[in-house]
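Given next are the chains, with one letter for each unit.
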Amino acid sequence: GQQLNQSPQSMFIQEGEDVSMNCTSSSIFNTWLWYKQDPGEGPVLLIALYKAGELTSNGRLTAQFGITRKDSFLNISASIPSDVGIYFCAGQQHNAGGTSYGKLTFGQGTILTVHP
Amino acid sequence: NAGVTQTPKFQVLKTGQSMTLQCAQDMNHEYMSWYRQDPGMGLRLIHYSVGAGITDQGEVPNGYNVSRSTTEDFPLRLLSAAPSQTSVYFCASSYSLREMNTEAFFGQGTRLTVV
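Residues numbered from 1 in each chain as written. Chains lettered and ligands numbered in written order. Predicted model: local features only at pLDDT ≥ 70, side-chain atom pairs only at ≥ 80, totals over all residues. Heavy atoms only, no water.

Engineer: Describe unusual backbone geometry, naming the residues involved and giving the relevant values.
Structural biologist: The peptide bond linking serine 7 of chain A to proline 8 of chain A adopts the cis configuration, its omega dihedral lying at 0°. Here proline 8 of chain A lies in the loop between strand E1 (5-7) and strand E2 (10-14). Residue proline 8 of chain B follows threonine 7 of chain B across a cis peptide bond; omega there is -5°. Tracing the chain through its elements places proline 8 of chain B in the loop between strand E1 (4-7) and strand E2 (10-13). Despite not being glycine, alanine 78 of chain A shows a phi value in the positive range, around 45°. Relative to the assigned elements, alanine 78 of chain A resides in the loop between strand E8 (71-76) and strand E9 (85-92). At asparagine 28 of chain B, a residue that is not glycine, the phi angle is positive and equals roughly 60°. Looking at the secondary structure, you find asparagine 28 of chain B in the loop between strand E3 (19-25) and strand E4 (31-37). Its relative accessible area of 61% is what places asparagine 28 of chain B among the exposed residues. (Helix = DSSP H or I, 4+ residues; strand = E, 2+ residues; numbered from the N terminus. Buried < 20%, exposed > 50% of the residue type's maximum accessible area, 1.4 Å probe, protein only.)

Below, the structure written as structure tokens:
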């Protein structure tokens, strides 16, 4: 099956530092999404990107949809302890009718640890 | 606000046993799907449904059956559990606006162990 290559696999940072993670694919995606998963919970959407080249912010989070439609990155500025968790990129591909039927392809995840 | 509700939260099965993982959503979403999460592999799509009575296979469908008799419910059945099905299972739902509002809402997950 298709895969998104997400890196890094894990990060250990100090509170206040900035974080950057990215996803690449050999296939084109029409939508890129970034999710965060807390322990024992399901993924929660952080940012959604719908157009190639789009740069979107949500508080301290900024994400970009790559111009080639094959990659995306997520930046977290001034990290805080509650940023700890697993971050996933996910992509959607549209069929000829322009819908993805809600199907998502996920990256492997980035485990973020923030030291106070 | 219930959202997507999964039951049970934890389950231990013996090899060869069968069980059904329940998923219900109260948001009137058309699309529902099941994913499994394994360490280092992200979430992988098992089966999905685009509406009542319509289901299709995802990336890893073998060993699982689904049905969608109502908009609200999308159960996942394991007919004969195997240790390889030990995983965390997530149900998700989303709505079908023209791809500009494609947020998938996830349940809290079912942690399944097959011994």
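Engineer: Residue-level account of the pattern of salt bridges, with values.
Structural biologist: Residue and element names in this part refer to chain B. Across all of its chains, the model carries four salt bridges over all chains by this definition. Between arginine 36 and aspartate 38 there is a salt bridge, with the nearest N and O atoms lying 2.9 Å from each other. Arginine 36 gets classed as buried once you look at its relative accessible area, which sits at 9%. Residue aspartate 38 pairs with arginine 44 through a salt bridge whose shortest N-O separation is 2.8 Å. Taking relative accessible area as the criterion, aspartate 38 reaches 11% and is therefore assigned buried. You can call arginine 44 buried: its relative accessible area is 17%. If you follow the salt bridges from partner to partner, you end up with Arg36, Asp38 and Arg44 in one network. (Salt bridge = Lys/Arg side-chain N within 4 Å of Asp/Glu carboxyl O.)

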